[in-house]
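Descriptive analysis of the structure
Next come the chains, spelled out residue by residue.
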Amino acid sequence: SGTVAKATPMKPLARPPCTIDPGSRGKRCWDGLMVVLIVYSVVSIPLVVGFDLSADRWDGRWWFDAMVDLFFLSDIVISFFTAYAAADGELVRDRRAIARRYAASWFIPDLLSSVPFDTLADLGYCAANGTCGAVEADDLGPALLQFLRFTKLIRLLKLVRFLKLGRAVKRLEEQYDFNPVVFRVVSLLFKTLFTAHFFACAWFFAYTITCYDSAADPALLNEEGCGSNTWVEHYAAKLSDEESAMLRSDAVTQWTTSLYWATATMTTVGYGDIVPHPANVSERVFVVVMQILGILVFGYAIGTILDIASKYNLASKLRREKMGAVERYSRERKLPRAMRRRIRAFYEYYR
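Residues numbered from 1 in each chain as written. Predicted model: local features only at pLDDT ≥ 70, side-chain atom pairs only at ≥ 80, totals over all residues. Heavy atoms only, no water.

Examining the packing of aromatic side chains
- Enumeration over the complete set of coordinates arrives at 16 aromatic pairs.
- Between arginine 161 and the ring centre of phenylalanine 72, over which it is positioned, the NZ or CZ distance is 4.0 Å. (Phe/Tyr/Trp six-rings, centres within 6.5 Å; stacked < 30°, edge-to-face > 60°. Lys NZ or Arg CZ within 6 Å of the ring centre and 35° of its normal.)

Let's talk about unusual backbone geometry
- Backbone geometry at aspartate 52 places phi at a positive 55°, although glycine is not the residue there.
- Secondary-structure assignment places aspartate 52 in the loop between helix H1 (25-51) and helix H2 (60-79).
- A positive phi angle, near 55°, is found at lysine 334, a position not held by glycine.
- Relative to the assigned elements, lysine 334 resides in the loop between helix H12 (281-332) and helix H13 (337-349).
- The exposure class assigned to lysine 334 is exposed, which follows from its relative accessible area of 74%. (Helix = DSSP H or I, 4+ residues; strand = E, 2+ residues; numbered from the N terminus. Buried < 20%, exposed > 50% of the residue type's maximum accessible area, 1.4 Å probe, protein only.)

Some words on the packing of helix H8 (residues 180-208) against helix H11 (residues 251-266)
- The interhelical angle for the contact between H8 and H11, taken along N-to-C directions, is 120°, at an axis separation of 8 Å. Between H8 and H11 lies a crossing whose hand is right-handed. Between H8 and H11, the residues in contact are Thr192, Thr195, Ala196, His197, Phe199, Ala200, Trp203 and Phe204 and Gln254, Trp255, Ser258, Leu259, Trp261, Ala262, Thr263 and Met266, respectively.
- For the contact of H8 with H11, the per-class residue count stands at ten nonpolar, six polar and no charged. (Axes fitted to C-alpha atoms, helices over the stretch in contact; angles between N-to-C directions. Left-handed = near helix turned anticlockwise from the far one by under 90°. Contact = heavy atoms within 4.5 Å. Nonpolar A, V, L, I, M, F, W, Y, C, P; charged D, E, K, R; others polar.)

Looking at the nonpolar core
- In terms of nonpolar packing, the biggest core is built from 22 residues, with Trp203, Phe204, Trp231, Val232, Trp261, Ile274 and Phe286 touching the most fellow members.
- Listed by contribution, the elements that provide at least two residues to this core are H8, helix H9 (231-236), H11 and H12.
- Examining the composition of this core, we find that eight residues originate from one element, H8, more than from any other.
- Counting 14 residues, the second-largest nonpolar core is a separate cluster that includes Met34, Val35, Val68 and Phe72. (Core = buried A, V, L, I, M, F, W, Y, C linked by side-chain atoms within 4.5 Å.)

Here we look at helix H4 (residues 107-114)
- Within the sequence span of H4, burial applies to Asp110, Ser113 and Ser114. Mapping the buried residues of H4 onto a view down its axis gives an arc of 95°, with all of them on the same face. (Arc of directions from axis to C-beta.)

A look at the side chain of threonine 257
- Tracing the sequence through the fold places threonine 257 in helix H11.
- Among residues more than four places away in sequence, those in contact with threonine 257 are Trp231, Tyr235, Leu247 and Ile274.

Observations concerning the environment of methionine 34
- Along the chain, methionine 34 turns up in helix H1.
- Expressed as a C-alpha distance, the spacing of methionine 34 and valine 68, which sit 34 residues apart in the sequence, is 9.4 Å.
- Sequence-distant contacts of methionine 34, that is, excluding residues within four places in its chain, are made with Phe71, Phe72 and Asp75.

This is a description of form; function is not addressed.
This is the structure in structure tokens:
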């Protein structure tokens, strides 16, 4: 009929979803930063709680900790945009699938460890009292003092960040060619050191908790304001006046002493020089719990070392068998000695 059919306009191509490639350089750098911040958190938080090293409001460390919390909150947002590998190895970039997967797995632990409940409690205290200056314990009522103790303990929720460490390190391990044996040894060493550090801080917290007890009998308090029926006073009685004063006031001395006790307990050595006060039942119960946990940690470390050694020995055995087969073949073929040395060097280099 001579008429030209009107062309149907093409639909514009759908814009790819705004997702983050887990293998991109930017994501790897972000994961590396998160590993550093997680290590900082799991080291500093037990120190702050156990040794009462809280930063004053608005000082440099307070702002730094607030920035760390902001980074962890940002990591939650980034996780909702990060693609993941499906069972067939293909990257899933669907935003709804990513959100459902993350919300059903790590969202709740990440949220609990990232929300700065202690900072919010501090700001709430400022708003309620109209001041954020330092307040002496003597100026606080029993209820408010218990509340401030609770805000210190609630920081321990941030230790859930330790679970993020394994995920972040695993992602980095997938991107970089780490030696698996060295990686497992370093991982075991870090876990053991962190456990000893946590036990040390918990052991000293058994002492500092008496310093916050507003119902303590004044007759049982020493010059530092803490109960005399504690392991610190029991151990200080064995030391000189100068050493006992350092134990009561110097944070480094307190940490090294507590770490010495924690290491001796974890390795089931127990020298017996640092023990709970005979009159303190709470400390005895605490020590029993720590000894049981120490046995479990010690057993886990020994089992991991044996597993690494067995796999290493198996690999060495297979390598020796392979080299023996190559050596027998070289002799049967009567290859020159120089060539046999080059073949051995080749297999040693590319084993």
